[in-house]
Amino acid sequence: MDVNGTVAEGFEPVREAFADNFAARGERGAAVAVYRGGRRVVDLWAGTRDVDGADGGADGSGGAARWERGTAQVVRSATKGVAAAVLLLLHQRGQLDLAAPVGAYWPEYKAAGKERTRVWHLLAHRAGVPALDVPLTPAQAADPALAARAVAAQAPAWEPGTDHGYHAQTYSWLTDGLVRRVTGRGIGEWIAAEIAGPLGADLWVGLPESARARVGRVGRVQPPAAESGGLRTRPKRAVAAAYADPDSPTSRAFGAITPHADENDPAYRAAVLPASNGIATADGLARFYASLIGEVDGGIRLFTPETRERARAEASAGADRVLVVPTRFGLGYMLHGGASPLLAPGSFGHPGRGGALGFADPEADLAFGYVTNGFRTGVTADPRAQALVRAVRAATA
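First, a word on what this report is: a plain description of the structure on this page.

### Comments concerning the overall build of the protein
Part 1: Looking only at helices and strands, the protein features 13 helices and 14 strands.
Part 2: Taken against the 2.2 N^0.38 rule, which gives 21 Å for 397 residues, the C-alpha radius of gyration of the protein at 20 Å falls within 12% of a compact globule.
Part 3: With the principal axes as the frame, the protein shows a C-alpha extent of 55 × 45 × 40 Å.
Part 4: A total of 397 residues make up the protein; the buried ones form 56% of that total.
Part 5: For the protein, long-range pairs separated by at least 24 residues make up 68% of all intrachain contacts whose partners lie at least 6 apart in sequence.
Part 6: Accessible area of the protein: about 15,000 Å², with a carbon and sulfur share of 49%.

What follows is the structure in structure tokens.
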């Protein structure tokens, strides 16, 4: 496999691990980027733009189009970290009180016993509404007014604030609904104007038609029979049972949109679903996280040190009612731990189910982004991403 791009001196292990993902871990097309001290030190890509390599070729020759610098992909739940930044920035600017009741901004949300829900509960997966009694179709999920009414009317599965469980899909309508009421703009529009645009970062929540041609096709891939150097991917019995039971909190949370949307459908990609359908380049993800911990290229910085510390302070920990494993969350970000290994204990970020990963580590002054077109079955700790993280750790030790 020809690996394209550059690595700074000392980061050669990342190139080796990236190449090994194609040779030993079944990678089809992917990219990885790393920033250190606000400067890009890793920028690599390889493989085909489409997971099936079947788009006819960029030149019309019938061959598979190669991944290029600037190729973007759906990053699933890695979008959540970008969405969380919106609420934290609104707090930083004095427009949103994280300790206030959600109902202070969104009166309809107080229905069905949710009047005590605080804004920070939404970010820490403590709101108690990981599922809907009546799931939404993909078309309904893309209607912000309809989806907001549905989540506002939903009775909580537990007293908000008293426990945590991953809000796999409802996180979209909780965050977008609140941002619309605070700012008058949808969260995708806010991200474009206040985060991606000023940063020059290739990331979108609600893909514009002008960027459609840059995005490859994604799909499920199977791990190789004998995977080299990865984590054990066979789920624990309790986890497998939770996903197999259609009535479990796990299945209901991930099934809040039913049937599952076609992630290659232009209509789905144009929708604003900040829990699941963000689209980014690896550089876009890494650049975003770099801006949360320092200045990027000597310029823009999004978070103040106080906001950064608030984002990564542990807000939820222990057995997760949805993921059925112990998880740790800050405000909108997964924290380093067994369920989501990052660089070091102080790291914060978010994986995308089956592949993508973005995170920052303030102590190492480092930010990381990885995107792929081949999704695997795991929710967190994808072996390909973890191989790259181990290589980054070795390069910065």
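Read on, since the account is not over.
### Quick look at the nonpolar core
Part 1: Core analysis: the biggest nonpolar cluster contains 77 residues, and Trp 173, Ile 195, Phe 288 and Tyr 333 have the highest contact counts within it.
Part 2: At the level of secondary structure, the elements contributing two or more residues to this core comprise strand E2 (29-36), helix H2 (79-92), helix H3 (119-123), helix H5 (144-153), helix H6 (171-183), helix H7 (187-199), helix H11 (282-293) and strand E13 (366-372).
Part 3: Sorting elements by how many residues they give to this core places H2 first, with nine residues.
Part 4: The next biggest cluster of nonpolar side chains, apart from the first, holds 27 residues, and it includes Ala 30, Val 34, Val 392 and Ala 395.

### Description of the side chain of Asp 382
Part 1: Within the secondary structure, Asp 382 sits in the loop between strand E14 (374-375) and helix H13 (383-396).
Part 2: The buried category is assigned to Asp 382, whose relative accessible area is 9%.
Part 3: When near neighbours in sequence (up to four residues on either side) are disregarded, Asp 382 contacts Gly 354, Gly 355, Tyr 370 and Arg 376.

### Digging into the pattern of salt bridges
Part 1: All told, the structure shown has 21 salt bridges when counted by the stated rule.
Part 2: Of the charged contacts in the structure, one is a salt bridge between Arg 93 and Glu 194, with a shortest N-O distance of 3.3 Å. Highlighted residues: Arg 93 in the loop between H2 and H3 and Glu 194 in helix H7, separated in sequence by 101 residues.
Part 3: The partly exposed category is assigned to Arg 93, whose relative accessible area is 43%.
Part 4: Beyond isolated ion pairs, a larger network of salt bridges with shared partners links Arg 40, Asp 43, Arg 69 and Asp 283.

### Looking at empty space enclosed by the protein
Part 1: Tallied over the full model, the rule gives two cavities of 30 Å³ or more.
Part 2: Lining the largest cavity are 14 residues, and of these Pro 351, Leu 357, Thr 380, Ala 381 and Asp 382 lie nearest its centre.
Part 3: Considering only residue class, the lining of the largest cavity consists of seven nonpolar, six polar and one charged.
Part 4: Each pocket or cavity is described by its volume, and for the second largest cavity that value is around 50 Å³.
Part 5: Looking at the second largest cavity, the residues that line it are Val 75, Thr 79, Val 82, Leu 203, Trp 204, Val 205, Gly 278, Ile 279, Ala 280 and Leu 285.
Part 6: At the level of secondary structure, the elements contributing two or more residues to the lining of the second largest cavity comprise H2, strand E5 (203-204) and strand E7 (278-280).

### Some words on the pairing of strand E12 (residues 357-361)
Part 1: The buried count for E12 comes to five of five residues, which makes it a mostly enclosed element.
Part 2: Side chains of E12 alternate between two faces, with Leu 357, Phe 359 and Asp 361 and Gly 358 and Ala 360 buried alike.
Part 3: Between the antiparallel neighbours strand E11 (residues 348-351) and E12 lie five residues, among them Gly 354 with a positive phi of about 90 degrees.
Part 4: Inspection of the sheet shows E12 paired to E13 by five bridges, in the antiparallel sense. Within the sheet, the bridge partner assigned to Ala 360 lies in E13 and is Ala 367.
Part 5: Following E12, the chain reverses through four residues before pairing antiparallel with E13; Asp 365 in that reversal takes a positive phi of roughly 50 degrees.

### Quick word on the packing of H5 against H6
Helix-helix packing is characterised by the crossing angle of the two axes and by the distance between the axes.
Part 1: Running from amino to carboxyl end, H5 crosses H6 at an angle of 110 degrees, the nearest separation of the two axes being 9 Å. Considering their axes alone, H5 and H6 lie roughly perpendicular with respect to each other. You can see that H5 and H6 cross each other, and the crossing is left-handed. Residues Pro 144, Ala 147, Ala 148 and Val 151 of H5 touch H6, and the partners they reach there are Trp 173, Leu 174, Asp 176, Arg 180 and Arg 181.
Part 2: Here the contact of H5 with H6 is built from residues that sort into six nonpolar, no polar and three charged.

### Structural notes on unusual backbone geometry
Part 1: Cis geometry is found at the peptide bond from Thr 258 to Pro 259, where omega equals 0 degrees.
Part 2: Along the chain, Pro 259 turns up in the loop between helix H9 (249-254) and helix H10 (266-270).
Part 3: Phi angles above zero are rare outside glycine, and His 125 is one such case at about 60 degrees.
Part 4: Considering the arrangement of structural elements, one finds His 125 in the loop between H3 and helix H4 (138-141).
Part 5: Positioned with a positive phi, Asp 365 is a non-glycine residue whose angle comes to about 50 degrees.
Part 6: Structurally, Asp 365 can be placed in the loop between E12 and E13.

### Observations regarding the environment of Thr 377
Part 1: Counting through the fold element by element, Thr 377 comes out in the loop between E14 and H13.
Part 2: Taking the C-alpha atoms as reference, Thr 377 lies 5.4 Å from Gly 354; in sequence the two are 23 residues apart.
Part 3: Once residues within four sequence positions are removed from consideration, Thr 377 is found in contact with Arg 220 and Arg 353.

Reading the values: rules and limits
Residues numbered from 1 in each chain as written. Predicted model: local features only at pLDDT ≥ 70, side-chain atom pairs only at ≥ 80, totals over all residues. Heavy atoms only, no water. Helix = DSSP H or I, 4+ residues; strand = E, 2+ residues; numbered from the N terminus. Rg over C-alpha atoms; globule rule 2.2 N^0.38 Å. Buried < 20%, exposed > 50% of the residue type's maximum accessible area, 1.4 Å probe, protein only. Contact = heavy atoms within 4.5 Å. Areas by Shrake-Rupley, 256 points an atom, 1.4 Å probe, with all protein chains shown as cover. Core = buried A, V, L, I, M, F, W, Y, C linked by side-chain atoms within 4.5 Å. Salt bridge = Lys/Arg side-chain N within 4 Å of Asp/Glu carboxyl O. 1 Å grid on protein atoms, 1.4 Å probe; cavity = no way out; pocket = protein on both sides within 12 Å on 5 of 7 lines; lining within 4 Å. Points joined across faces, edges and corners; volume = space filled by probe spheres on them. Nonpolar A, V, L, I, M, F, W, Y, C, P; charged D, E, K, R; others polar. Pairing = 2+ DSSP bridges. Axes fitted to C-alpha atoms, helices over the stretch in contact; angles between N-to-C directions. Parallel < 35°, antiparallel > 145°, perpendicular 65-115°, else oblique. Left-handed = near helix turned anticlockwise from the far one by under 90°.

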